[in-house]
Amino acid sequence: MLQDWLGTTSLAAFHASHLRQAPLARPSTVPEPGALLDWDVLAEVVAADPAPDILVVAGGKILPFPAPRSIDEVRAYLRIGVGFCMRHSERCHPVLRRVADEFSALGSAQVQLFVTPGGTHGFGWHYDDEDVFIAHTAGIKDYYFRANTVAADVRADATVFARYREETSTLCAATLIAGDFLYLPARWWHMAVCKETSLSVSVGVFTRPAAG
């Protein structure tokens, strides 16, 4: 699966030049993106028992709203500019379980789904402790990212993210449409803004030192 997403970049080249080192964006390398996540798959995930861990987010904040349990509730939230991060979704759907299993060769993997209405953003500038592999499956989203030179040795926590204001590294950007792929190394700053209501699959991997 990862080799497909990397396109013309070989696994060996990815491990040598990108894993835990530098971002990589590739257009149109995710085969059948709708089979990974479309509105039908999303409907099954939100109605699953047990449910995924759903964060209701908008404008850089986690909102104290009840998690949706049907696709109609998802769409109602989207109409008012509110989106979601659905963590551990591999527990809720066999397709997403396969994604997690495929990436387990690199380390401990979990699958997050991002559902974001057009003209909005979910989380603000932040970083993750894990490497992030993003398959964009619907809509248009602008991703912004830059190296972390001010807090790279600090575990990710909302109380640390304010240090983004100190960052001076080069700002990078990639616009993703359905079928595009983006890799972000652990602890790189990033945020995303939707141009069109978007769906994406984000695989977070705590990569093993000897991975690859």
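Above this text sits the structure in question.
Note that this is a predicted model, so its numbers are computed, not measured.

Thresholds applied
- Residues numbered from 1 in each chain as written.
- Predicted model: local features only at pLDDT ≥ 70, side-chain atom pairs only at ≥ 80, totals over all residues.
- Heavy atoms only, no water.
- Salt bridge = Lys/Arg side-chain N within 4 Å of Asp/Glu carboxyl O.
- Helix = DSSP H or I, 4+ residues; strand = E, 2+ residues; numbered from the N terminus.
- Buried < 20%, exposed > 50% of the residue type's maximum accessible area, 1.4 Å probe, protein only.
- Polar contact = N/O pair within 3.5 Å; in protein donor to acceptor, adjacent residues only side chain to side chain.
- Contact = heavy atoms within 4.5 Å.
- 1 Å grid on protein atoms, 1.4 Å probe; cavity = no way out; pocket = protein on both sides within 12 Å on 5 of 7 lines; lining within 4 Å.
- Points joined across faces, edges and corners; volume = space filled by probe spheres on them.
- Nonpolar A, V, L, I, M, F, W, Y, C, P; charged D, E, K, R; others polar.
- Phe/Tyr/Trp six-rings, centres within 6.5 Å; stacked < 30°, edge-to-face > 60°.
- Lys NZ or Arg CZ within 6 Å of the ring centre and 35° of its normal.

What exactly am I supposed to notice about the pattern of salt bridges here?
Once their charged atoms are close, side chains differing in charge can pair, the charge on each being opposite to the other. Evaluation of the coordinates by the stated rule reveals six salt bridges. In this structure, Arg 87 engages Asp 53 in a salt bridge whose closest nitrogen and oxygen atoms are separated by 2.5 Å. Placement of Arg 87 in strand 4 (residues 83-87) and of Asp 53 in strand 2 (residues 53-58) is noted, with a sequence separation of 34 residues between them. When its relative accessible area of 28% is taken as the criterion, Arg 87 is described as partly exposed.

Would you explain the environment of Arg 187 in this entry?
Mapped onto the fold, Arg 187 is located in the loop between strand 8 (181-184) and strand 9 (189-207). Taking C-alpha positions, Arg 187 is 7.5 Å from Ala 156, a pair spaced 31 residues apart along the chain. Polar contacts involving the side chain of Arg 187 include one to the side chain of Asp 129, which spans 2.9 Å.

Explain the side chain of His 93 here, please?
Mapped onto the elements of the fold, His 93 is located in the loop between strand 4 and helix 6 (94-103). Accessibility expressed as a relative area gives 8% for His 93, which makes it buried. Sequence-distant contacts of His 93, that is, excluding residues within four places in its chain, are made with Val 41, Glu 44 and Val 45.

Mind showing me how you'd approach the layout of surface pockets here?
Size it by volume and the largest pocket reaches roughly 840 Å³. Lining the largest pocket are 39 residues, with Phe 114, Phe 123, Gly 124, His 126 and Asp 128 sitting closest to its centre. Mapped onto the lining of the largest pocket, the elements with two or more residues apiece are strand 2, strand 3 (61-62), strand 4, strand 5 (107-116), strand 6 (131-146) and strand 9. In terms of residue class, the lining of the largest pocket is made up of 20 nonpolar, twelve polar and seven charged.

Help me understand the packing of aromatic side chains, please; the structure alone is not making it clear to me.
Tallied over the entire structure, the rule returns 13 aromatic pairs. Taken together, a centroid distance of 5.3 Å and an interplanar angle of 70° make the contact between Tyr 127 and Phe 161 edge-to-face. Pair noted here: Tyr 127 is in the loop between strand 5 and strand 6 and Phe 161 is in the loop between strand 6 and strand 7 (172-177), with a separation of 34 residues, a long-range link. Take Tyr 127 and Phe 161: they sit in the same class, and that class is buried. One residue, Arg 75, lies across the ring of Trp 39, its end atom 4.5 Å from the ring centre.

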